[in-house]
Amino acid sequence: MEVVNSSSGSETEGGNDGILIEFEKGDIVQLVNMRDTKYNNHLVTIIDNKSSLTSHKYSVFLHSSRRVLRRKKYNLQYHSTDYYISNLIRDRIQIGEENVEQFQLSLSCEPFSVMYSTLLDIGFPSDIVLKILGCLEILQFDMNEVTAVLCSSQANPSPFYSFSMHNTLERNTFDCWISQPRSDFGMDFMEVDENQSEHHPEWIMYRMVSESNARLQKKVAIHSVTICIPPLPHGPLSVRKFYLEVVDYNSATEISTNIRSNEFTTLDSMHEQSFAISPPLEATYLKVVFTQNARNRPEDPVGFW
């Protein structure tokens, strides 16, 4: 990727002011500012770096539907997977008659290079900066350590499927998870409006690190999420809209942090669909919250492979 400094201002669809990013073949970027918002946050791969001098369009491969699109730079944003650390919030507090500067951990994360430069600019010696950042290290993500620990509900097994939440971590379509039909809870959906699913969404909670690291409250930075669903007409219960939420959890309690990703919209496709999480989420436990299924009927269950 090449960064070109241009005149001041911000890049808009009608022009190319500000800092222009020249994408290279093979770069993974995310779709943004799409008129059809369901495509926002989907990951694509640049398949040529010969953007038109007049339109600044690139050919990109949309992973979710295996299609080649032409999109302007305005619709593309670089997807960074840089090495991340916990972010520090700089603040001043009153102790007696003195204003004392302090730093607090936030639940967001920043690239190592950004935090390193920030602490140097504040005046910390470089060796102290490295020690501070070493204490803020976020673990490298390992999919083999991810475990489904809780879910809002799951359907009773059938002769063909177990519908277990643990199936969602398997990269195959032999089994799936489906939530329990809400009618099983005795809810009268004749009196429920179309937004019922937003008030009582289904969800699955995952532990993102090993059990021992979870006890130490270690975290990982989560840059993207991939999901697979059966397309219509075969998957009317498959998830259409969902978001991710960081939670504090132990065996006794679950506390929402209200730190969420954007809401993602799946396409009607049988292929794996990958979404960029920008900025990345820093989490030990992560809840995936499902707000709508493909049929958009709140009384129905929701599920995915």
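About the criteria used
- Residues numbered from 1 in each chain as written.
- Predicted model: local features only at pLDDT ≥ 70, side-chain atom pairs only at ≥ 80, totals over all residues.
- Heavy atoms only, no water.
- Salt bridge = Lys/Arg side-chain N within 4 Å of Asp/Glu carboxyl O.
- Helix = DSSP H or I, 4+ residues; strand = E, 2+ residues; numbered from the N terminus.
- Buried < 20%, exposed > 50% of the residue type's maximum accessible area, 1.4 Å probe, protein only.
- Pairing = 2+ DSSP bridges.
- Axes fitted to C-alpha atoms, helices over the stretch in contact; angles between N-to-C directions.
- Contact = heavy atoms within 4.5 Å.
- Core = buried A, V, L, I, M, F, W, Y, C linked by side-chain atoms within 4.5 Å.
- pLDDT = per-residue confidence, 0-100.
- 1 Å grid on protein atoms, 1.4 Å probe; cavity = no way out; pocket = protein on both sides within 12 Å on 5 of 7 lines; lining within 4 Å.
- Points joined across faces, edges and corners; volume = space filled by probe spheres on them.
- Nonpolar A, V, L, I, M, F, W, Y, C, P; charged D, E, K, R; others polar.

**Quick look at the pattern of salt bridges**
Next up, step 1: Under the definition given, this model contains 7 salt bridges.
Next up, step 2: Measuring nitrogen to oxygen at the nearest pair gives 3.6 Å for the salt bridge that ties Asp48 to Arg70. With Asp48 in the loop between strand S4 (43–46) and strand S5 (57–62) and Arg70 in strand S6 (residues 67–72), this residue pair connects regions lying 22 residues apart in the sequence.
Next up, step 3: Taking the relative accessible area as the measure of exposure, Asp48 reaches 18% and is therefore buried.
Next up, step 4: Residue Arg70 is classed as partly exposed on the basis of its relative accessible area of 35%.
Next up, step 5: A salt bridge links Arg295 to Asp300; its shortest N-O distance comes to 2.8 Å.
Next up, step 6: Residue Arg295 is classed as partly exposed on the basis of its relative accessible area, which comes to 39%.
Next up, step 7: The exposure class of Asp300 is buried, given its relative accessible area of 13%.
Next up, step 8: Each of Arg295, Arg297, Glu299 and Asp300 takes part in a single network of salt bridges with overlapping partners.

**Topic: the sheet that holds S6**
Next up, step 1: Here we have 5 strands laid out as an open sheet, ordered S6-S5-S4-S3-S7, and antiparallel in their pairing. Looking at strand neighbours, the two that pair on one side only are S6 and strand S7 (76–78), the edges of this open sheet. In this sheet, neighbouring strand axes are inclined to one another by 45° on average, regardless of whether the strands run parallel or antiparallel.
Next up, step 2: Note that strand S3 (residues 28–31) and S4 share 3 bridges and pair antiparallel. What sits directly across from Gln30, in S4, is Leu43.

**As for the pairing of strand S17 (residues 273–283)**
Next up, step 1: Counted residue by residue, S17 has 9 buried out of 11 residues, so it is predominantly covered.
Next up, step 2: In this structure, strand S13 (residues 220–227) lies alongside S17, joined through 7 bridges in antiparallel fashion. Considered in S17, the bridge of Val225 is made with Phe275.

**Brief notes about the side chain of Ser179**
Next up, step 1: In this fold, Ser179 is placed in the loop between strand S11 (177–178) and helix H3 (196–199).
Next up, step 2: The residues contacting Ser179, other than those within four sequence positions of it, are Ser153, Gln154, Ala155, Glu202, Pro301 and Val302.

**A word on the nonpolar core**
Next up, step 1: Among the nonpolar cores identified, the biggest contains 35 residues, and Ile204, Phe242, Leu244, Phe290 and Phe304 are the most heavily contacted of them.
Next up, step 2: Filtering out sequence-adjacent residues up to four positions away, Leu244 remains in contact with Val225, Ile259, Arg260, Ser261, Phe264, Ile277, Leu281, Leu286, Lys287 and Val288.
Next up, step 3: Counting 13 residues, the second-largest nonpolar core is a separate cluster that includes Phe23, Val60, Leu62 and Leu267.

**Some details on the pairing of S5**
Next up, step 1: As paired elements, S4 and S5 share 3 bridges and run antiparallel to each other. Its bridge partner lying in S5, Ile46 is registered against Val60.
Next up, step 2: As judged from the 6 bridges shared by S5 and S6, these two strands associate in the antiparallel manner. Each residue of the ladder has a partner; that of Ser59, found in S6, is Arg70.

**Notes on unusual backbone geometry**
Next up, step 1: Residue Pro233 follows Leu232 across a cis peptide bond; omega there is 5°.
Next up, step 2: With respect to the helices and strands, Pro233 occurs in the loop between S13 and strand S14 (239–249).
Next up, step 3: Here the bond from Ser278 into Pro279 is cis, since omega is 0°, no more than 30 degrees from zero.
Next up, step 4: Here Pro279 is to be found in strand S17.
Next up, step 5: Phi at Gln217 is positive, roughly 60°, even though this residue is not glycine.
Next up, step 6: Along the chain, the position of Gln217 falls in the loop between helix H4 (211–215) and S13.
Next up, step 7: Phi angles above zero are rare outside glycine, and Asn296 is one such case at about 55°.
Next up, step 8: Mapping Asn296 onto the fold places it in the loop between strand S18 (285–293) and strand S19 (303–304).

**Description of the confidence of the model for the protein**
Next up, step 1: For the protein, the average pLDDT comes to 79, and 74% of its residues sit at 70 or higher.
Next up, step 2: When mean pLDDT is taken per element in the protein, strand S16 (residues 264–265) scores highest with 97 and strand S1 (residues 2–4) scores lowest with 29.
Next up, step 3: pLDDT under 50 marks residues 185–198. Its contacts with residues more than four places away, or in other chains, come to 17 contacts.

**Thoughts on the layout of surface pockets**
Next up, step 1: Size it by volume and the second largest pocket reaches roughly 360 Å³.
Next up, step 2: What lines the second largest pocket is a set of 17 residues, and nearest its centre among them are Ala214, Gln217, Tyr249, Thr284 and Tyr285.
Next up, step 3: The dominant element in the lining of the second largest pocket, judged by the number of residues it contributes, is S14, at 4 residues.
Next up, step 4: Taken together, the residues of the lining of the second largest pocket break down into 7 nonpolar, 5 polar and 5 charged.

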